[in-house]
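Overview (structure and organization)
Okay, here's what each chain looks like letter by letter:
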Amino acid sequence: MNRESPVKCRCGRRAVYFRKYEGTSLCRECFIRSIESRVKRTVRKHNMVRKGDVVALAMSGGKDSTNAAYLIHKVFGKWPDVKLLAITIDEGVRPYRTENIRRARAFAKKLGIPHHVFSFREEFGKTTDQIAKRIKFFGSKPGQPIQEVCTYCGVGRRYLLNKKARELGATRICLGHNLDDEVQAAMLNYIRGDLARAGRMEAVTAWSTQKRRGRLFIPRIKPLRVIPERESALYAYLRGFDILEGHCPHAGGIRFEARGFINRLELNHPGIKFNILETFDKLNPCIKRVAEKQYAQKASGGRILMCRKCGEPSSRELCKACELWR
Ligand code: SF4
Ligand code: ZN
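Not measured: the values here are computed from a predicted model.

Points about the side chain of Thr128
For Thr128, the position within the fold is in helix H5 (residues 128-138). If sequence neighbours within four positions are ignored, Thr128 has contacts with Glu91, Gly92, Val93, Phe120, Val149, Cys153, His250 and Trp325.

What to know about the coordination of the zinc ion (ligand 2)
Those donors, Cys307 (SG), Cys310 (SG), Cys319 (SG) and Cys322 (SG), are the protein atoms that reach the zinc ion (ligand 2), and they lie 2.3 Å from it. Classification of the site at the zinc ion (ligand 2) rests on its four donor atoms, whose angles at the metal span 106 to 115°, yielding the label tetrahedral.

Points about the pairing of strand E5 (residues 115-119)
Two faces, one strand: in a regular strand the side chains alternate between the faces of the sheet. Of the strand pairs in this sheet, strand E4 (residues 83-90) and E5 are connected by five bridges, and their pairing is parallel. Opposite Asp90, over in E5, you have Ser119 as the bridge partner. Taken together, E4, helix H3 (residues 96-111) and E5 constitute a β-α-β crossover, and its handedness is right-handed.

What about the pattern of salt bridges?
What the rule picks out here adds up to 30 salt bridges. Residue Glu167 is joined to Lys164 by a salt bridge in which the shortest nitrogen-to-oxygen separation is 3.4 Å. In this pair, Glu167 and Lys164 both sit in helix H6 (residues 149-167), three residues apart, roughly one turn of the helix. Across the pair Lys273 and Asp180 runs a salt bridge whose closest N-O atoms are separated by 2.7 Å. In this pair, Lys273 is assigned in helix H12 (residues 272-297) and Asp180 in helix H7 (residues 179-192), connecting sequence segments 93 residues apart. Among the charged side chains, a network of salt bridges with common partners joins Arg19, Glu22, Arg38 and Glu231.

Some words on the packing of aromatic side chains
Enumeration over the complete set of coordinates arrives at 11 aromatic pairs. On the numbers, 6.4 Å between centres and 70° between planes, the contact of Tyr235 with Phe241 is edge-to-face. Under the relative-accessibility criterion, Tyr235 is labelled buried at 1%. Among the aromatic side chains, those forming a connected cluster through ring pairs are Phe120, Phe124, Tyr152, Tyr159 and Trp325.

Points about the pairing of E4
Of all the eight residues making up E4, seven are buried; the element is thus mostly covered by neighbouring parts of the structure. With helix H2 (residues 63-76) bridging strand E3 (residues 54-58) and the parallel E4, this β-α-β connection has right-handed handedness.

Digging into the site of ligand 1
The local shell around ligand 1 consists of Thr128, Cys150, Cys153, Arg157, Cys248, His250 and Ala251. Considering only residue class, the shell around ligand 1 consists of four nonpolar, two polar and one charged.

What to know about the layout of surface pockets
Estimates place the volume of the second largest pocket at around 430 Å³. Around the second largest pocket sit 17 residues that line it, and Lys45, His46, Arg225, Val226 and Asp281 are the ones nearest its centre. Residue assignment for the lining of the second largest pocket shows that the elements contributing at least two residues are helix H1 (28-45) and H12. Sort the elements by how many residues they give to the lining of the second largest pocket and H12 lands first, with five residues. Tallied by class, the residues present in the lining of the second largest pocket amount to seven nonpolar, three polar and seven charged.

Overview of the environment of Arg166
For Arg166, the position within the fold is in helix H6. Here Arg166 falls in the partly exposed class, since its relative accessible area comes to 24%. Polar contacts involving the side chain of Arg166 include one to the side chain of Glu312, which spans 2.8 Å.

Calculation criteria
- Residues numbered from 1 in each chain as written.
- Chains lettered and ligands numbered in written order.
- Predicted model: local features only at pLDDT ≥ 70, side-chain atom pairs only at ≥ 80, totals over all residues.
- Heavy atoms only, no water.
- Helix = DSSP H or I, 4+ residues; strand = E, 2+ residues; numbered from the N terminus.
- Contact = heavy atoms within 4.5 Å.
- Donors = N, O, S within 2.8 Å, 3.2 Å for Na, K, Ca; no water.
- Tetrahedral: all angles 85-135°; square planar, octahedral: opposite > 155°, others 65-115°.
- Pairing = 2+ DSSP bridges.
- Right-handed = clockwise from strand over helix to strand, strands pointing away.
- Salt bridge = Lys/Arg side-chain N within 4 Å of Asp/Glu carboxyl O.
- Phe/Tyr/Trp six-rings, centres within 6.5 Å; stacked < 30°, edge-to-face > 60°.
- Buried < 20%, exposed > 50% of the residue type's maximum accessible area, 1.4 Å probe, protein only.
- Near = heavy atom within 4 Å.
- Nonpolar A, V, L, I, M, F, W, Y, C, P; charged D, E, K, R; others polar.
- 1 Å grid on protein atoms, 1.4 Å probe; cavity = no way out; pocket = protein on both sides within 12 Å on 5 of 7 lines; lining within 4 Å.
- Points joined across faces, edges and corners; volume = space filled by probe spheres on them.
- Polar contact = N/O pair within 3.5 Å; in protein donor to acceptor, adjacent residues only side chain to side chain.

Set out below in structure tokens:
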């Protein structure tokens, strides 16, 4: 953005953004419109929200989840047969998360959506900050591969979000994952050979052909999955949302290395992030089939079990959250 920029948008107004992968300059209004119509197209194309749905908007207070909540509310807020509610998970990262929770609460209030906060401390008896300290001083559990703080945090967040959304009667969980998040996840699943997770990387997570799974694991929707991160940031800024530009102190590890690599690629080859995601989307049906076969070969025979410790659905006797957190 350049305040003195003489560059004009196609509509004649002053441009505020140059979209390199399209070769177009856009003014504030055209930029906002382009983001909103792209999100609406994504939501419609994948039938993300259906009549009768209860959508739990996962709100971290950051730019992406705020944008996703705003846009879903903008499209479905007046539908009489779609209900919206907001959930924030407090992982216990101080002071970063405390500020974000306050902002998420204020934003949900502004939209007129009921807001619920659930914390790791209440659920697991400890916080991500405490886990980070332990990993720093003692490493991972003896005999286990080195774990990153984000692995604990991510597992705990997904677990709690699914559990609480289900208890609140949600039929969809709306996540703020943007294009960059999706591409990083796709690359990491590929590097780790995690086909089960790669197979669940759709616009609407269809967990399996088993109906029971769909009731236990609430399908997740990602309306921003084709919005690049910097455009999501600019959208939030131009819309005037109250967003905290902070970084989690525990952020790091392989995901951030992958992020740097992908961003360098994008710099020299504008639009490559879209290509990567499109390729993974095309491969998804094949990955799913292989992952289903692998599931079926497991001890559970591909059935969903109930974790013996917490009673939540899991493909193993002890779910990942209980293994790491309890
Ligand atoms: Fe949790 Fe990692 Fe995100 Fe921090 S960066 S909130 S530790 S997942
Ligand atoms: Zn469990």
